[in-house]
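Close look at the chain arrangement
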Protein chains: 4
Amino acid sequence: MTFRTTLRVRFGDEDHAQMVYYPRFLHYCHQAFEDFFDRQGFPYWVALREEKVGWPAAHAEIDYRRPVRFGQDLGMEVDILRVGEKSVTFRHRGYLEREPDAPAFEAEIVVVTMDMSTHRSIPIPDKYRAFFERHLVDAG
Amino acid sequence: MTFRTTLRVRFGDEDHAQMVYYPRFLHYCHQAFEDFFDRQGFPYWVALREEKVGWPAAHAEIDYRRPVRFGQDLGMEVDILRVGEKSVTFRHRGYLEREPDAPAFEAEIVVVTMDMSTHRSIPIPDKYRAFFERHLVDAG
Amino acid sequence: MTFRTTLRVRFGDEDHAQMVYYPRFLHYCHQAFEDFFDRQGFPYWVALREEKVGWPAAHAEIDYRRPVRFGQDLGMEVDILRVGEKSVTFRHRGYLEREPDAPAFEAEIVVVTMDMSTHRSIPIPDKYRAFFERHLVDAG
Amino acid sequence: MTFRTTLRVRFGDEDHAQMVYYPRFLHYCHQAFEDFFDRQGFPYWVALREEKVGWPAAHAEIDYRRPVRFGQDLGMEVDILRVGEKSVTFRHRGYLEREPDAPAFEAEIVVVTMDMSTHRSIPIPDKYRAFFERHLVDAG
């Protein structure tokens, strides 16, 4: 089950070359990741502040396929490629309205479950494991 | 006694209009504020993390006089205009190399001394009061 | 006629002190300013890219009244305080849901109409003057 | 020949979790990339604005190995892993002072040479090819 959210590309997101500054795409991924939690019954701030669990990134890979510009909407798709013992691999794809079939960029981000009090990695809590597994992309 | 530091204007600091995005100037002010502490024997992270004292902004005013662009160095000047019971008014001015006499922008920022454990305002600790007063601009 | 839009406070908007980093509030103001144009029939990117007219900031003042945190929605209100020959004074106020009567922050930003080809200030084009005047706060 | 530069980790670079926000590491990479050009006789703004050549990212991969925090200096190392017909693969590594042997993060970024007037990819101009090849990491 793919999760979808829309982000607005902002005036300040572009850089000197008048295209979105490439580090900003990971900021889009994180915002889609926040919406993924927030809009499906698991507000991320509750996880962080009350349950003291978070998912910092351990690895990120991103393909930049087309320039993205100020004034466009980015249709973001979030899937999960793998749920491990402690880690989860998210896939984030961003689409421009005029090209609904080919993502403007695509990222894979491995996050690790962390106890935010001790800053140590921990196994994924059961309720989050079930939540993540519902978004697994089937291989077959 | 004016404190001086230099900041590099970065590729990603510009916006769609190919000038520095105006909110970024307050980020320059904060970086100059950090250098002000760090390079004069009062590392700001020590204040925040060990002494649990910080200075969040209560008010900021900024005049944007000339466009600032990627690839330029900003010569920053930091002065203090007023030291109150709990608050301090900083003045930040940024100069481009080719115009050493007229700031490209000028900001006044009122910060309040805060106990970072309780998030309540407190009187300025003595050692910081003495430090700030050394940077007061004389009116007379 | 007050314009309203809602912005989401993001995980990455906070700083070391776990409150929104104060320069980011001007970024919120600019995003509300973009929505003000975009959602009322004057897409800002069309102004900039096709009509070659833009409104860079000449002056900004901002009062920070309460801390704003990750996971909150900011209800933004945009009004216009003054329409001059070339300049316009915007007022931006941001409200947290639990305190609908007292803004968490309030900013006044003076922007100047600029020909984006020449980077020179110009009188406000008629259609934008009429648009801005509809949002003027009445003094009387 | 490895290029080295130092970046300061700023107060506003941290996020809610009081560690550097992971998208910001690519911003560090871009700043190191700018210094790589600027400090070795090829100012990046001259390439972009006068020669109309630039190197946008096509692909980025990054490993986050240790948390990086406000108040630290990041010793950045820049190497080149591959010089292609049009593309160049940069490696960026960031070191904390107390761990000089193990990078806190490591990134590989593939950039493509672009004619900034037409936004089309072009072969690497000779002077830049020679420059990049001087920084190639030897495989043997």
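The structure contained in this document is the topic of the report that follows. Please read these numbers as outputs of a predicted model, since none were measured by experiment. (Residues numbered from 1 in each chain as written. Chains lettered and ligands numbered in written order. Predicted model: local features only at pLDDT ≥ 70, side-chain atom pairs only at ≥ 80, totals over all residues. Heavy atoms only, no water.)

1. Considerations on the relation of the copies chain A and chain D
For the match of chain A to chain D, the screw axis carries a shift of 0.0 Å, the RMSD comes to 0.0 Å, and the turn is 180 degrees. What we have between these two chains is a two-fold relation. For chain A, the smallest separation between a C-alpha atom and the rotation axis is recorded for E61(A), amounting to 2.1 Å. Both copies share a contact surface, since 100% of the interface residues of chain A are interface residues in chain D too. (Least-squares fit on C-alpha atoms with pLDDT ≥ 70 in both. Contact = heavy atoms within 4.5 Å.)

2. Side note on the packing of aromatic side chains
In the structure shown here, the tally under the stated rule is 116 aromatic pairs over all chains. With a centroid separation of 6.1 Å and 50 degrees between ring planes, the pair formed by Y21(C) and F11(D) is classed as tilted. One end of the pair, Y21(C), is in the loop between β1 (3-8) and α1 (24-38); the other, F11(D), is in the loop between β1 (3-8) and α1 (23-38), on a second chain. With relative accessibility at 2%, the residue Y21(C) sits in the buried group. When its relative accessible area of 5% is taken as the criterion, F11(D) is described as buried. A ring pair is formed by F33(C) and Y44(C), whose centres lie 5.1 Å apart and whose planes are at 80 degrees; its orientation type is edge-to-face. Taken together, the positions of F33(C) in helix α1 and Y44(C) in helix α2 (residues 44-49) put the pair 11 residues apart, joining distant regions of the chain. (Phe/Tyr/Trp six-rings, centres within 6.5 Å; stacked < 30°, edge-to-face > 60°. Helix = DSSP H or I, 4+ residues; strand = E, 2+ residues; numbered from the N terminus. Buried < 20%, exposed > 50% of the residue type's maximum accessible area, 1.4 Å probe, protein only.)

3. Comments concerning the sheet that holds strand β5 (residues 87-96) of chain A
Read across the open sheet, the 10 strands follow the order β1(A)-β4(A)-β5(A)-β6(A)-β3(A)-β3(D)-β6(D)-β5(D)-β4(D)-β1(D); overall the sheet is antiparallel. A strand with exactly one partner marks an edge of an open sheet, and here the two such strands are β1 (3-8) of chain A together with β1 of chain D. For this sheet, the mean angle separating the axes of adjacent strands, direction not counted, is 20 degrees. Pairing of strand β4 (residues 73-83) of chain A with β5(A) involves nine bridges; the strand directions are antiparallel. Each residue of the ladder has a partner; that of G75(A), found in β5(A), is Y95(A). (Pairing = 2+ DSSP bridges. Axes fitted to C-alpha atoms, helices over the stretch in contact; angles between N-to-C directions.)

4. Some words on the state of the cysteines
Taken as a whole and judged by the stated rule, the model has zero disulfides over all chains. The thiol of C29(A) is not disulfide-bonded; the next cysteine sulfur, from C29(D), is found 16 Å away. Given a relative accessible area of 0%, C29(A) falls into the buried group. (Disulfide = S-S within 2.5 Å.)

5. So, the interface of chain A and chain D
Contacts between chain A and chain D engage 26 residues on the former and 26 residues on the latter. In this assembly, chain A packs against chain D so that about 2300 Å² is buried in total across both faces, 63% of it on carbon and sulfur atoms. One can count zero salt bridges joining chain A with chain D. Linking chain A with chain D are 12 residue pairs in polar contact (both at pLDDT 80 or more). Those elements that place two or more of their residues in the side of chain A that touches chain D are α1 (23-38), α2 (44-49) and β3 (57-64) of chain A. Among the elements that take part in the side of chain A that touches chain D, β3(A) stands out by supplying eight residues, more than any other. Residue composition of the side of chain A that touches chain D, by class: 17 nonpolar, five polar and four charged. One ladder, built from five bridges, connects β3(A) with strand β3 (residues 57-64) of chain D; its direction is antiparallel. (Buried area = accessible area lost by both parts, 1.4 Å probe. Salt bridge = Lys/Arg side-chain N within 4 Å of Asp/Glu carboxyl O. Polar contact = N/O pair within 3.5 Å; in protein donor to acceptor, adjacent residues only side chain to side chain. Nonpolar A, V, L, I, M, F, W, Y, C, P; charged D, E, K, R; others polar.)

6. Topic: the pattern of salt bridges
A side chain with one charge may pair with a side chain of the opposite charge, provided their charged atoms come close. On inspection of all chains with the given rule, the structure shows 56 salt bridges over all chains. Two residues, R4(A) and E77(A), come together in a salt bridge whose shortest N-O distance is 3.2 Å. Of this pair, R4(A) sits in strand β1 while E77(A) sits in strand β4, and the two are 73 residues apart along the sequence. On the basis of relative accessible area, R4(A) is assigned to the exposed category, the value being 54%. On the basis of relative accessibility, which here comes to 13%, the residue E77(A) falls in the buried class. Its salt-bridge partner being E106(D), residue R65(D) comes within 3.4 Å of it at the nearest N-O pair. Of the two residues, R65(D) sits in the loop between β3 and β4 (73-83) while E106(D) sits in strand β6 (residues 105-112), which places them 41 residues apart along the sequence. Through salt bridges that share partners, R4(A), E77(A), D79(A), R91(A) and R93(A) make up one connected network.

Read these as spatial facts, not as claims about activity.
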